[in-house]
Every structure is written in C-alpha cells, then in structure tokens.
Amino acid sequence: MFEINKNYLKLPGSYLFSTIAKKVSAYTEQHPEKTIIRLGIGDVTQPLAPAIIEALHQAVDEMAAAETFHGYAPDLGYEFLRSAIARHDYKARGCDIAIDEIFVSDGAKCDSGNIQEIFSLNNKIAVCDPVYPVYADTNVMAGRTGDYDASTERFEGVIYMACTEENDFAPEFPKETPDIIYLCFPNNPTGATIKKSELQKWVDYANANGAVIIYDAAYEAYISEDDVPHTIYECDGAKTCAIELKSFSKNAGFTGTRLGYTVIPKELKQDGVSLNALWARRHGTKYNGAPYIIQRAGEAVYSEAGNAQLKEQVAYYMKNAKTILEGLREAGYSVSGGVNAPYIWLKTPEGMTSWDFFDYLLENANVVGTPGSGFGPHGEGYFRLTAFGSYKNTLAALERIKKLA
Ligand SMILES: *Cc1c(COP(=O)(O)O)cnc(C)c1O
C-alpha cells in the first residue's frame, strides 16, 4: 500500500495569489463597469526582444534538417550558452567561474526548489522574512521542517530572519546558527538590496560556521547603484560557501519561455565531497535542463543587439518603478525599494493590515497589489506593488491612488 508524503499537508491551504484572484473576481462580478489595474503581477509583460525572436526562428529551422538537428541537450547545458554566461555574467565582473560550474536549467524557481535535495534532512535552514515563499515551502515538502503554526504564521524548525524598516530590510545574523542560508538580493518582495561589504559579512559568516548560502540573484539586471553586488562571487571566499541561482525570466522576459542556471563552484565541499559533483548527478538523472532552441535564445541575450534591447526593457520597467515611487510619496505613503528592483514596498497606513489595504485599494481605486503578509509574518503591515505593468496603466493607477489622498 502506498503512502503519501504527509509533509505536503503541512503547507497552509490557500495560496496568496488564488485568494487575490478570488477577491478580484468577486469585486468585478459586483461592479462589471469598473476597470481594474493590476500592479500586483510578478510576471513580465513586454514581448521577447527582436534579437531573441531571431535566434528562436533560426534554431527552429536548424531542428528541421538532419545535419543541424539536436536531440537531448548535454547534461550541464550547451557550451555556447555556458561560455556566454561565464564571460558576461562573471568574468566581466572579475569573477572566475568555469563553464563546468554552470548548470543550465528550465528556471530558477525549479532550481531553488530542487537544490535542497543534495542536502541532508538534518540541516536547519534560515530564510529572510518576508521573502519569495519557494525556499521554505520546498524544505517543508522535503520534510526538513516541523508543522505550520497558524498563530505565529511560521513553520517550526525554520530560522526566520526579520527584514524590517529598522534594518533596511536586510537580515542580521540569526541567534541560532543555520546550516543553509537562503538570501535573495535584490529582494522579492521588498525590492531591498545589500551593499557588497554587507554581503561579504554573510560570506565570512558562512565560511566561519560551515554553512552554505543559496543566493538568488534573479533581479540582478535591475541593479542601478554601484556598490550593490551583481553576483555573490564578487565577495572573497564565496566559492567555498555559496551556490548562486540565476534566471532569464525577469531580465529577458523568459517567464513563459523558461531558462535559468545555477552556479556551484568546485571548491564548495563538505566531508571531502564536492557539491558540484552531487548536483551533476542530480542534473544528469532527473534532467530539468532547457531545450536547444531555448538555449540559443538565451545566447542571444548576451549578443550586442540583444543586450541593448534588454537594457531598454529594464529601463522601461524601472521608469514605471520611478512613477510608482514618486506618485506614492506625493500621496503621502512611506515607500522603499524600486531603485535596484522592479518592486515597491509600501508601508500600509496606521491601523490597516496588508489585507485591509488590499481591499481599500481594490474598492476605492480599482487597483490590485499584493499584501505583504503573504511573503512572511514580517510582511504584515506592508504591500507590494510591481513595475511590470504598461507605463500607461501605471500612470493611470497612480492618478487614481493620488486622488484618494
Ligand atoms: C521570479 C523569480 C525567480 C525566477 O524564477 P524562474 O523559474 O526562473 O521564472 C526566482 N527567484 C525569485 C525571487 C523570483 O521572484
């Protein structure tokens, strides 16, 4: 008789975005004449850049001829893509990452969920609070945590590192020493970043304590300030303690196309075993790589034309971010983020919870955002707005919000 994985039952029943969808559809049913503007989406909206489309077409044509057809992709990904990654994302930043330390995948969400498989269930994890829920949830499903405590909104056995106004939304070292530390900068949902000198302290902390850092750099392309690191390998000693996750989703519009990669340096070892070798095993046997066609599209991201076109896309979203930041400040709100990330983190007005503010904005401005409490207990009292909409809708939403003030 089979048994289910009961760890799945520890996850709370309703998912943040399904609750939002239900509330919005209930509202529009009652008010069919109203137009809703969504400033809550965590998905890009601009089409793939012309250089990427061209690479896709070319790769599709190659698949049509026996001489240029491609079957299974190599385990770690095609060398043309891993070389481009090593050159542009690392060497150009003074970081020495070899192509066999790069594992091409179908996205950072999958990798951030799967990476925990190479670690024992005895490890204690630490996550930022608030943060992207995938890190904690996948450790819950694996059985690395205790039950969910509804009164504290926390899983037992997980170290939550509070990211608050007081610490500029960057965590401090926890009281209890973790084994696996998840960091995400620029952060989803707060839009916060940390300076290179601060990240260096985390690298030193991990090396000193025998911990591993899993660093999610999905929003790296949005960094605009000079002292913010683009990769954790800019820090000394990171190769002996850090894994980095990257995605083509937010910088190049691949959310539906699917492409990402994970870096595991060969120096990263425990008990004489290289984590790079473990992940290579996993990658080879449960292959979640990307198709040839998509890897060619990824290569075009690094071409001169592709790079220029994508810089324009990022600038477009960041113009929205500026519009939201400035508009909300004019309307009297306290806001942060939005400078190195496409996310704006708003402090809800006195006496309003995250969900109160969600309802208030939906009913009075017909604008939809995301309640901060959905990203962790310290997200309560905050609200996430995203820069991924059209400029026209972003302007219109801000006009509506300003009118309420
Ligand atoms: C969007 C996002 C990703 C990207 O995931 P993909 O699977 O590559 O689309 C990864 N991490 C964070 C924090 C994100 O917000």
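About the criteria used
Residues numbered from 1 in each chain as written. Predicted model: local features only at pLDDT ≥ 70, side-chain atom pairs only at ≥ 80, totals over all residues. Heavy atoms only, no water. Helix = DSSP H or I, 4+ residues; strand = E, 2+ residues; numbered from the N terminus. Rg over C-alpha atoms; globule rule 2.2 N^0.38 Å. Areas by Shrake-Rupley, 256 points an atom, 1.4 Å probe, with all protein chains shown as cover. Salt bridge = Lys/Arg side-chain N within 4 Å of Asp/Glu carboxyl O. Buried < 20%, exposed > 50% of the residue type's maximum accessible area, 1.4 Å probe, protein only. Phe/Tyr/Trp six-rings, centres within 6.5 Å; stacked < 30°, edge-to-face > 60°. Lys NZ or Arg CZ within 6 Å of the ring centre and 35° of its normal. Disulfide = S-S within 2.5 Å. Expected span 1.5 Å × (residues − 1). Arc of directions from axis to C-beta. Contact = heavy atoms within 4.5 Å. Domains from an automatic or database assignment. Buried area = accessible area lost by both parts, 1.4 Å probe. Polar contact = N/O pair within 3.5 Å; in protein donor to acceptor, adjacent residues only side chain to side chain. Nonpolar A, V, L, I, M, F, W, Y, C, P; charged D, E, K, R; others polar.

Turning next to the overall build of the chain. When its secondary structure is counted, the chain shows 12 helices and 17 strands. Here the chain has a C-alpha radius of gyration of 21 Å; the compact-globule value for 405 residues is 22 Å, and the two agree. Dimensions of the chain, computed from C-alpha atoms along their principal axes, come out at roughly 60 × 55 × 50 Å. Carbon and sulfur atoms form 51% of the exposed surface of the chain, whose accessible area is close to 18,100 Å².

Moving on to the pattern of salt bridges. Between side chains of opposite charge, a pair can form as their charged atoms come close. Per the counting criterion, the structure on display carries 16 salt bridges. Ionic pairing is found between Arg-154 and Asp-129, a salt bridge with its closest N-O pair at 3.8 Å. Remark: Asp-129 occurs in strand E3 (residues 125-129) and Arg-154 occurs in strand E5 (residues 154-155); sequence separation between them is 25 residues. For Arg-154, a relative accessible area of 25% gives the class partly exposed. Where Glu-330 meets Lys-402, a salt bridge forms, and the shortest distance between an N and an O atom there is 3.3 Å. A residue pair is termed long-range when its members are at least 10 positions apart, and Glu-330 in helix H10 (residues 304-330) and Lys-402 in helix H12 (residues 391-404) qualify at 72 residues.

Here the focus is the packing of aromatic side chains. Tallied over the full model, the rule gives 26 aromatic pairs. Look at Phe-357 and Tyr-360: their rings are 5.9 Å apart centre to centre, the planes differ by 35°, and that puts the pair in the tilted class. On the criterion of helical spacing, the pair formed by Phe-357 and Tyr-360 is a turn pair, its members being three residues apart in helix H11 (residues 354-365). Overall, the relative accessible area of 24% leaves Tyr-360 in the partly exposed class. Here a set of aromatic residues connected by ring pairs shows up, and it is made of Tyr-90, Tyr-233, Phe-248, Phe-254, Tyr-261 and Tyr-302. Note that Lys-319 overlies the ring of Tyr-391, its terminal NZ or CZ placed 4.0 Å from the centroid.

Any covalent bond linking the sulfur atoms of two cysteines counts as a disulfide. Under the definition given, this model contains zero disulfides. Among the cysteines around Cys-163, which has no disulfide bond, Cys-128 carries the closest sulfur, lying 4.1 Å off. Among the cysteines around Cys-241, which has no disulfide bond, Cys-235 carries the closest sulfur, lying 8.7 Å off. The exposure class of Cys-241 is buried, given its relative accessible area of 1%.

When the terminal C-alpha atoms of helix H1 (residues 16-30) are compared, their 22 Å separation across 15 residues agrees well with the 21 Å that a helix rising 1.5 Å per residue should span. Along H1, the positions that sit buried rather than exposed are Leu-16, Ile-20, Val-24 and Tyr-27. Seen end-on, H1 carries its buried residues on one side only, within an arc spanning 60°. Across from the buried face of H1, at angles greater than 90 degrees, the exposed residues are Lys-22, Glu-29 and Gln-30. Those residues of H1 hidden inside the fold are in contact with strand E1 (37-38), H11, strand E15 (367-368) and strand E16 (370-371).

Now for the domain arrangement of the chain. Reports often express the size of an interface as the amount of accessible area lost when the parts come together. Assigned domains of the chain: these are domain 1 (6-47 + 305-402) and domain 2 (63-301). With centres defined by C-alpha atoms, the gap from domain 1 to domain 2 works out at 25 Å. At the interface, 34 residues of domain 1 touch 44 residues of domain 2. Counting the surface lost from both domain 1 and domain 2, the interface buries some 3,100 Å², and carbon and sulfur atoms represent 60% of this. Looking at the side of domain 1 facing domain 2, the largest losses of area belong to Lys-10, Asn-340 and His-378, adding up to 23% of the total buried there. Linking domain 1 with domain 2 are one salt bridge. Here Lys-347 ties to Glu-165 by a salt bridge, and the two come within 2.7 Å at their closest N and O atoms. Joining domain 1 to domain 2, the criterion identifies 11 residue pairs in polar contact (both at pLDDT 80 or more). Among the elements that make up the side of domain 1 that touches domain 2, the one with the highest residue count is H10 (seven residues). Taken together, the residues of the side of domain 1 that touches domain 2 sort by class into 17 nonpolar, 13 polar and four charged.

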